Amino acid sequence: MTAATSANRQTVPVLDFGSQYAQLIARRVRAAGVHAVLVAPDISLSELRTLEPIGLILSGGPASVYDPGAPRCDPAIFDLNIPVLGICYGMQIAVELLGGRVQPGRAGEYGAARLTVPSSGEQGAMAADLFSGVPEETSVWMSHGDQVGEIGPEFVKLAATPGCPLAAIRHRRRPFFGVQFHPEVTHTPHGTKILENFLYRVCHASGTWRMGNFVDIAVDKIRRRVGAGRVICGLSGGVDSAVTAALLHRAVGDQLVCIFVDNGLLRKNERQNVQSTFRDHFHIDLRVVDAADEFISALAGVTEPQRKRIIIGKAFIDAFKRAAAGIPDAHFLAQGTLYPDVIESGHGYARTAANIKPHHNVGGLPAELGFELVEPLRDLFKDEVRRLGEVLGLPEHIVWRHPFPGPGLAVRCLGEVTREKLQLLRQADEILLEEIVAAGLYRSTAQTFVVLLPVQSVAVMGDGRNYQPVIALRSVDSTDFMTADWSRIPYDILARVSNRLVNEVRGISRVVYDITSKPPGTIEWE
């Protein structure tokens, strides 16, 4: 038995019906010590059986179950005699298949809602497995327009909110539970407990899965897929590509070649740091491509955010193609794509997730490039990648570095990208990070950066009146980067940053602080 097979012996597949948070469910399951994988909603029973599941979770999704073409699962999964938890759309599709009825709600229910869970009588007894340790009154996060309207006598109501009488249900004979709310998001305070109850009280999981198991699984998959071929890995200097390179190096050793593209959109001293880190620490074959002029010229006059990303993606691929031409027997391209990148680009298993913004490393490789894609981190979130980096023995300054977007400073320079604006951004970014590090806040904030706005503000400087650009500060707290809240940085630190920016960076007249959460905003401005 291989290491991958052994680690997979207790698996909970998550059927992805297109929810923005589908992989977040899998992440919560893995954090609870149980192996979880995302699968297509219409997975066949034969494929499902090969995973040897101890339970199934049906995710949410944007469709209505009664719409033509809405994603569906095989009704026979409810005859496998393994526990099933339906979340939001997953609950609704299960009810439809098991004889109930879903209907439009009188009003949509979005955001926090008050859930009531009975503790006595038949309902209390039937609710005990899923809601053990959960208060009778608790807050949950709702996001639905439809809801279950009718259930047959084979179902039992477990919980309700003021806007949703059937907020949680259970089948009397089958091991099926359904919740209309989202236990996987942090806005449901006892959501983790509900998921753990399903895993341990209902599925009887052993809880032996750890990130070390992921390393064994990933290394085994990479070796079997790559064989004797060579792999090219795109390095950016961030934690995602660093962990990808370390994982590939453990799997295939000298078959790995790393390429770093200097696109002219990098942070200050980024190129030098990448060269010293990966050549000295990893002893990996690193090729550096100087493509700054090419990228900046291609972006001249472009202001539309999606167009910027597309141009950068094409230039990135062209630069890679030139560099790869000098590497014989290179058949594979490895990228540090994470699940938030995948879902924001609309590439979920159900193909129904909204395309929020394209990522140059998701679905952007043309067939003529000639590589097969290797994305070993595709199902992971940032916090999981950091834990993986620690397991692989990467140094702390790499593992805990704040994320940096693939398109670089181009998406933090609103409007047209110019060399002058990029230089201003680099200076401002360095000052902000210096102060955040000095205040001991770098590890406690998830991502901190500056954005150059395409507006000018009146300023009085040196007894003169002029108009100069405005800088926005952005800092968020998050664990998975699917949701985030703005960082409560102390006022005195913000004041010090603002004072330094206005006085030390020529061309800045005003500093503002972004206090938008995700959702509704994304972390980056473009």
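The shown structure was predicted, so the numbers you read here are calculated from the model rather than taken from an experiment.

Student: Please explain the packing of helix H8 (residues 239–252) against helix H13 (residues 382–391) as it appears in this structure.
Tutor: In helix packing, the relevant descriptors are the interaxial angle and the interaxial distance, both defined with respect to the helix axes. Look at H8 against H13: their axes get within 10 Å of each other, and the N-to-C directions meet at 45°. As far as their axial angle goes, H13 and H8 are oblique. Here H8 and H13 pass one another in a crossing that is left-handed. The segment H8 lies against H13, with Val239, Asp240, Val243 and Arg250 engaging Lys382, Val385, Arg386, Leu388, Gly389 and Val391. Looking at the contact of H8 with H13 residue by residue, the classes come out as 5 nonpolar, 1 polar and 4 charged.

Student: Explain the state of the cysteines to me, please; I cannot follow it from the model alone.
Tutor: Disulfide: a covalent bond connecting the sulfur atoms of a pair of cysteines. Applying the stated rule across the entire model yields 0 disulfides. There is no disulfide at cysteine 164, and the cysteine sulfur nearest it, in cysteine 88, is 9.2 Å away. With relative accessibility at 0%, the residue cysteine 164 sits in the buried group. With no disulfide partner, cysteine 203 has as its closest neighbouring cysteine sulfur the one in cysteine 73, 16 Å distant.

Student: Would you mind going over the nonpolar core with me for this structure?
Tutor: General note: in soluble globular proteins, nonpolar side chains tend to be found buried as a group. The biggest cluster of nonpolar side chains holds 49 residues, and the ones touching the most others in it are Ile232, Leu265, Ile471, Leu473 and Leu501. Of all the secondary-structure elements, those providing two or more residues to this core are strand S11 (256–262), helix H10 (292–298), helix H11 (305–324), strand S13 (330–334), helix H15 (419–438), strand S15 (447–461), strand S16 (464–477) and helix H16 (491–504). Not counting chain neighbours up to four residues away, the residues in contact with leucine 473 comprise Leu432, Phe449, Val450, Leu494, Val497, Leu501, Val511, Val512, Tyr513 and Asp514.

Student: What's the story with helix H7 (residues 211–226) in this structure? I'm lost.
Tutor: Between the first and last C-alpha of H7 there are 22 Å, a value that for 16 residues agrees with the 22 Å anticipated at 1.5 Å per step. Three or more residues of H7 are buried, namely Met211, Phe214, Val215, Ile217, Ala218, Val219, Ile222 and Val226. Where H7 terminates, the next one or two residues include glycine 227, which has phi positive at roughly 60°.

Student: Can you help me understand the pairing of strand S1 (residues 11–15) in this one?
Tutor: The two faces of the sheet receive side chains in turn, since in a regular strand these alternate between them. Along S1, 5 of the 5 residues are buried, which leaves the element largely enclosed by surrounding structure. Here S1 shows two buried faces, one formed by Thr11, Pro13 and Leu15 and the other by Val12 and Val14. With 5 bridges connecting them, S1 and strand S2 (residues 35–39) associate as parallel partners. Within S2, the position partnered with valine 12 by the bridge is alanine 36. A crossover connection joins S1 to the parallel S2 through helix H2 (residues 22–31); in handedness this β-α-β unit is right-handed. The sheet contact formed by S1 and strand S3 (residues 56–58) spans 2 bridges and is parallel. The residue bridging leucine 15 from the neighbouring strand is leucine 58, located in S3.

Student: When you look at the side chain of aspartate 146 in this model, what are you seeing that I'm missing?
Tutor: By secondary structure assignment, the location of aspartate 146 is in strand S6 (residues 137–150). Summary of buried charges: aspartate 146 has no salt-bridge partner, and the nearest side chain of opposite charge, arginine 101, is 10 Å away. Every residue in contact with aspartate 146, bar those within four places of it in the chain, is listed here: Ser64, Val65, Tyr66, Gln92, Val102, Gln103, Pro104, Gly105 and Gln180.

Student: How do you make sense of helix H5 (residues 121–131) when you look at a structure like this?
Tutor: Because each turn of an α-helix spans 3.6 residues, side chains separated by three or four positions in sequence point in the same direction. Here H5 has its buried residues at Gly124, Met126, Ala127, Leu130 and Phe131. Considering only its buried residues, H5 is in contact with strand S4 (84–87), strand S5 (101–116), strand S7 (155–161), strand S8 (164–171), strand S9 (176–179) and helix H6 (191–202). Positive phi shows up at glycine 133, right after H5, with a value of about 80°.

Student: How should the packing of H15 against H16 be read in this particular structure?
Tutor: One way to put it is that H15 packs onto H16 with a least axis distance of 10 Å and a crossing angle of 150°. One element, H15, and the other, H16, form an angle in the roughly antiparallel class. Along this stretch, H15 crosses H16, giving a crossing that reads as right-handed. Residues Gln427, Ala428, Ile431, Leu432, Glu434 and Glu435 of H15 pack against Arg496, Val497, Arg500, Leu501 and Glu504 of H16. When its residues are assigned to classes, the contact of H15 with H16 shows 5 nonpolar, 1 polar and 5 charged.

Student: Just checking my understanding: could you explain the sheet that holds strand S10 (residues 230–235) for this structure?
Tutor: Through backbone hydrogen bonds, the strands of a sheet pair up, either in parallel or in antiparallel fashion. Pairing is parallel in the open sheet, where 5 strands are placed in the order S12-S11-S10-S13-S14. Two strands in the sheet have a free side with no partner beyond their single neighbour: strand S12 (285–290) and strand S14 (372–374). The sheet shows a mean angle of 30° between the axes of neighbouring strands, direction not considered. As defined by bridge partners, S13 adjoins S14 across 3 bridges and the pair is classed as parallel. What sits directly across from alanine 334, in S14, is valine 374.

Quick notes on the rules
Residues numbered from 1 in each chain as written. Predicted model: local features only at pLDDT ≥ 70, side-chain atom pairs only at ≥ 80, totals over all residues. Heavy atoms only, no water. Axes fitted to C-alpha atoms, helices over the stretch in contact; angles between N-to-C directions. Helix = DSSP H or I, 4+ residues; strand = E, 2+ residues; numbered from the N terminus. Parallel < 35°, antiparallel > 145°, perpendicular 65-115°, else oblique. Left-handed = near helix turned anticlockwise from the far one by under 90°. Contact = heavy atoms within 4.5 Å. Nonpolar A, V, L, I, M, F, W, Y, C, P; charged D, E, K, R; others polar. Disulfide = S-S within 2.5 Å. Buried < 20%, exposed > 50% of the residue type's maximum accessible area, 1.4 Å probe, protein only. Core = buried A, V, L, I, M, F, W, Y, C linked by side-chain atoms within 4.5 Å. Expected span 1.5 Å × (residues − 1). Pairing = 2+ DSSP bridges. Right-handed = clockwise from strand over helix to strand, strands pointing away. Lys, Arg positive; Asp, Glu negative; His and termini not counted. Salt bridge = Lys/Arg side-chain N within 4 Å of Asp/Glu carboxyl O.

Just distances and angles here, no functional claims.
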